[in-house]
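Notes for the structure review
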Amino acid sequence: MLLRAKEPQSLPWLTQHQQDFAAAIAADRCPHALLIYGSNGTGRRQLARYLAEQVLGTPLDQNDQHADYREIVPAADMPDAESKSGPKPKKSISVDQVRDLTRFMQLTSHQRGYKVAAVFPADKLTNNAANSFLKTLEEPPSRTLIILVCERISSLPATVASRCQHIRVAAPTQEIGVQWLQQHNPDMDWAGLLEFCGHAPLFARELEQGGFMDIARQYAKDLNAIQRCQADPVAVARKWAKTDIGLCLRWLYAQVAKVMRQQADGGNANQSTEACYVYLRELNNLKRMQNGGLNMDLNLARLLFAWYGGFTGLR
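Reference entry: report on the structure contained in this document. None of these values were measured; they are calculated from a predicted model.

Our focus in this paragraph is the overall build of the protein. Along its length, the protein carries 14 helices and seven strands. Buried residues in the protein amount to 43% of all 315 residues. Taking the intrachain contacts of the protein between residues at least 6 apart in sequence as the baseline, contacts between residues at least 24 apart amount to 70%. When the accessible surface of the protein is totalled, it reaches about 17,600 Å², and 48% of it is carbon and sulfur.

Time to look at the sheet that holds strand β5 (residues 115-119). Where strands meet in a sheet, backbone hydrogen bonds hold them as pairs that are either parallel or antiparallel. Pairing in this open sheet of five strands is parallel, and the strands run β2-β5-β6-β1-β7 from one edge to the other. The open sheet has two edge strands with one neighbour each: β2 (69-72) and β7 (165-168). Within this sheet the neighbouring strands show an average axis-to-axis angle of 20 degrees, counted without direction. Where strand β1 (residues 33-37) lies against β7, four bridges are found, and the strand directions are parallel. Bridging across to β7, Y37 finds its partner in R168. Along the sheet, helix α3 (residues 44-56) contacts β1, β2, β5, β6 (144-150) and β7; its crossing angle with β6, the most-contacted strand, is approximately 175 degrees.

Within the secondary structure, A24 sits in helix α2 (residues 15-26). Look at A24 and you get buried, because its relative accessible area is 9%. Among residues more than four places away in sequence, those in contact with A24 are R29 and C30.

In an α-helix, one turn spans 3.6 residues, which is why side chains three or four residues apart end up on the same side. Helix length check: helix α10 (residues 212-227) (16 residues) gives 23 Å between terminal C-alpha atoms against 22 Å at 1.5 Å per residue, within 8%. Among all positions in α10, only F212, A216, Y219, D222, L223, A225 and I226 are buried. Looking at the residues trailing α10, positive phi occurs at C229, about 60 degrees.

Residues I36, I147, L193, F212, W240, W251 and L252 are the most contacted members of the largest nonpolar core, which totals 68 residues. Take this core: its biggest share by element is nine residues, from helix α12 (residues 245-264). Residues contacting W240, with those up to four places away along its chain left out, are Y219, D222, L223, I245, C248, W251, L252, L300 and L304.

Another aspect to go through is the pattern of salt bridges. Tallied over the full model, the rule gives 12 salt bridges. R45 serves as the salt-bridge partner of E71, at 3.7 Å between the closest nitrogen and oxygen. Of the two residues, E71 is situated in strand β2 and R45 in helix α3; the sequence distance between them amounts to 26 residues. For K239, the salt bridge identified is with D222, shortest N-O distance 3.0 Å. Separated by 17 residues along the polypeptide, K239 in helix α11 (residues 233-240) and D222 in helix α10 bring together distant segments of the chain. For K239, a relative accessible area of 40% gives the class partly exposed. Among the ionic contacts, a cluster of salt bridges with common partners joins R45, R49, D64 and E71.

Rules behind the numbers
Residues numbered from 1 in each chain as written. Predicted model: local features only at pLDDT ≥ 70, side-chain atom pairs only at ≥ 80, totals over all residues. Heavy atoms only, no water. Helix = DSSP H or I, 4+ residues; strand = E, 2+ residues; numbered from the N terminus. Buried < 20%, exposed > 50% of the residue type's maximum accessible area, 1.4 Å probe, protein only. Contact = heavy atoms within 4.5 Å. Areas by Shrake-Rupley, 256 points an atom, 1.4 Å probe, with all protein chains shown as cover. Pairing = 2+ DSSP bridges. Axes fitted to C-alpha atoms, helices over the stretch in contact; angles between N-to-C directions. Expected span 1.5 Å × (residues − 1). Core = buried A, V, L, I, M, F, W, Y, C linked by side-chain atoms within 4.5 Å. Salt bridge = Lys/Arg side-chain N within 4 Å of Asp/Glu carboxyl O.

Put into structure tokens, the structure is as follows:
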């Protein structure tokens, strides 16, 4: 008998995946390893836990715990003890975590049924952890299900990804996403935020609950003040650097995209298309290196000065 997990059931775009998996279980074709991938905020983890419950036959508790279920998430790496000024510890899934998970899977199930192991997100596995995990994927213990969750298949070693059955969780249509979000806040104009989030409803809801709309309005106010020569780009960059840099760069990227749409529609945008592409390239470079110890104040100031100058000054 299939369980009905509340959260995934409330995500209508996951229904087909749930039905396909139910059919596989009914036909005794449960895979030994699943790779669930898709954009952040589309319900990948919710689907993974739902499928785990179907295999276990009983629901996880309110803390997502179960005697025959184990999941591992990134933990902060130990900092270099000899360097007090070195980079901050990054978060990854270590080989020791994988070994603990493997030992758990080799134990006898409490309910004499399946054991389920989940890795969130799998692209945080270190090289040693991935190699260790590969051995388990090649020779999984009987009556076990391994679930890996990541954003892109290409972020995993091909040897790991090739040993899993793939499930791609796509973002829902704009209409379905807005309808779902309106259940949580019917007074919110969700369309713009959903587009900003790449049509990922859970990401949009998280940003709305975290007060991002107020932060975005302040970004817009600051940028308008810079364009009117009423604000110092350096001071604004220093302030923005104290916010979530990833969201800040994503918001700035969206503003450049808006300018480019105005150009395509024959609007009055003064920036050249080539300058816009150079600006987007610089934004992408900064996004890739945002955790690499760069001086974000300085780099944001450079971008804001370029915005003030009509996207000029960038090479």
